[in-house]
Amino acid sequence: MNQEHVQQLEAAIQAVAQRKVSNFYFVACGGSLANVTPAQYILDREIEIPSAAYSSNEFIHRSPKALGPSSVVITCSHSGNTPETVAATAFAREKGALTICLTNLVDSPLWEAAEFKLHYNYAPYGEALRGEETSMAILYRLVFGILQTLYPNEKYANAISSIENGLHGVYERNKALTLDAAKAFGRNYKREKLIYTMASGINYSVAYSFAICLLQEMQWIHSSAIHSGEYFHGPFEITDFDVPFIVIKGLGETRPLDDRAYDFCVKYSDKTILIDAETFDLEGISPDVRSYFTNLVAGVVLRQYAQHLSEETGHALSVRRYMWKMEY
Ligand SMILES: O=P(O)(O)OC[C@H]1O[C@](O)(CO)[C@@H](O)[C@@H]1O
């Protein structure tokens with residue numbers, strides 16, 4: 001991890017340690033909201049201080065009663081320019097909260113709005129990028145750094161070392177492992193007009209971002225993320241032999257929900273694709289925290305699926321018709 005990232009993380013973690021924190025909020029839009037939501041899941045599982053994840057504009061309009069000087073608000077915008085996220089950061093700061101932002105763009109409006117600033121690296125698909133410098137790695141380093149500072153524990157130290165030493169290799173090996181499956185997905189699903197995604201627990205946000213960002217936004221393919229537990233409370237009625245589903249199975253406490261949903265789905269849909277974290281190569285990630293990293297690997301694997309789908313559809317992932325072009 002480069003020194004710039006280490007120093008930014010250390011400043012933010014120390015600032016949190018010096019406050020009496022009564023709640024954490026994770027606030028962002030779209031893909032960035034999907035990125036920060038797993039951190040809320042981890043805090044929810046690990047500590048008693050409550051935390052919540054919000055879409056930026058709802059955070060402002062809903063204005064949680066508990067937001068104030070004892071809050072830590074972590075916002076994220078890849079571009080650093082999403083107006084709702086910049087405004088949510090300013091709003092939280094006005095309320096006296098400790099604000100920490102994550103962004104790829106130094107000196108962006110988000111960077112200026114937050115008190116503490118974390119930069120992460122990004123490279124377009126296929127280009128070399130160190131796994132430990134990506135947005136998810138910086139977010140995880142922040143969250144496990146906060147946990148380790150507040151409640152020193154071998155597990156949190158293991159998580160930090162997994163991010164710094166194991167994550168890059170895990171990303172690379174799992175991309176290689178699933179390359180053929182990604183190519184087959186592109187070939188076999190290129191004409192689909194609709195593809196559902198399904199997951200639970202820490203992996204739900206991967207299903208969500210694949211549905212709203214990769215399929216809807218970047219491929220203009222209809223989709224919806226279904227929670228594995230909620231599947232039986234409405235959505236399973238649309239299951240049929242020709243309806244495609246991508247089901248992600250995690251390794252954590254909610255895996256039984258994924259097993260149940262997958263077992264039903266595969267019985268009635270001939271187009272059920274399984275992304276099973278049990279098949280991931282997680283060597284280098286400490287076994288006591290592996291379930292918290294499956295979403296990171298599923299995200300990288302599915303990004304490769306989207307890339308090969310896009311090559312087959314001829315619709316580049318960068319093409320938009322409204323986003324950043326029209327007033328909205
Ligand atoms: O605030 P960010 O992360 O720059 O997001 C801007 C846009 O990028 C996406 O995350 C993906 O293109 C969208 O969901 C979002 O509207």
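Up top is the structure.
Okay, so let's go over this structure. Computed from a predicted model, the values in this text were never measured in an experiment. (Residues numbered from 1 in each chain as written. Predicted model: local features only at pLDDT ≥ 70, side-chain atom pairs only at ≥ 80, totals over all residues. Heavy atoms only, no water.)

1. Let's talk about helix H10 (residues 255-268)
Move 1: Its 14 residues place the ends of H10 20 Å apart at the C-alpha level, agreeing with the 20 Å of an ideal helix rising 1.5 Å per residue.
Move 2: Among the residues of H10, Arg255, Asp258, Ala261, Tyr262 and Cys265 are the ones counted as buried. Along the axis of H10, the buried residues cluster in a sector spanning 125°; they form a single face. Residues Pro256 and Lys267 are exposed on H10 and point more than 90 degrees away from its buried face.
Move 3: Residues of H10 that are buried make contact with strand S6 (196-199), strand S8 (245-249) and strand S9 (272-276). (Helix = DSSP H or I, 4+ residues; strand = E, 2+ residues; numbered from the N terminus. Expected span 1.5 Å × (residues − 1). Buried < 20%, exposed > 50% of the residue type's maximum accessible area, 1.4 Å probe, protein only. Arc of directions from axis to C-beta. Contact = heavy atoms within 4.5 Å.)

2. Overview of the packing of helix H2 (residues 30-46) against helix H6 (residues 135-150)
Move 1: Closest axis-to-axis distance for the H2/H6 pair is 10 Å, and the angle between their directions is 20°. By the angle class used here, H2 and H6 are roughly parallel. Crossing of H2 against H6: the hand is right-handed. Where H2 approaches H6, its residues Asn35, Val36, Pro38, Ala39, Ile42, Leu43 and Glu46 are matched on the opposing element by Ser135, Met136, Leu139, Tyr140, Val143, Phe144 and Leu147.
Move 2: The class makeup of the residues in the contact of H2 with H6 is 11 nonpolar, two polar and one charged. (Axes fitted to C-alpha atoms, helices over the stretch in contact; angles between N-to-C directions. Parallel < 35°, antiparallel > 145°, perpendicular 65-115°, else oblique. Left-handed = near helix turned anticlockwise from the far one by under 90°. Nonpolar A, V, L, I, M, F, W, Y, C, P; charged D, E, K, R; others polar.)

3. Notes on the site of the ligand
Move 1: Near the ligand there are 13 residues, and of these Ser32, Ser77, His78, Thr82 and Glu217 occur at the shortest range.
Move 2: Here the ligand, which alone exposes 390 Å², has 85% of that area covered by the protein.
Move 3: When residues of the shell around the ligand are traced back to their parent elements, those giving at least two are H2 and helix H9 (204-219).
Move 4: Each residue belonging to the shell around the ligand can be placed in one class, and the counts come to four nonpolar, seven polar and two charged.
Move 5: Here the shell around the ligand spans two domains, since at least three of its residues come from each of domain 1 (3-165) and domain 2 (181-313). (Near = heavy atom within 4 Å. Areas by Shrake-Rupley, 256 points an atom, 1.4 Å probe, with all protein chains shown as cover. Domains from an automatic or database assignment.)

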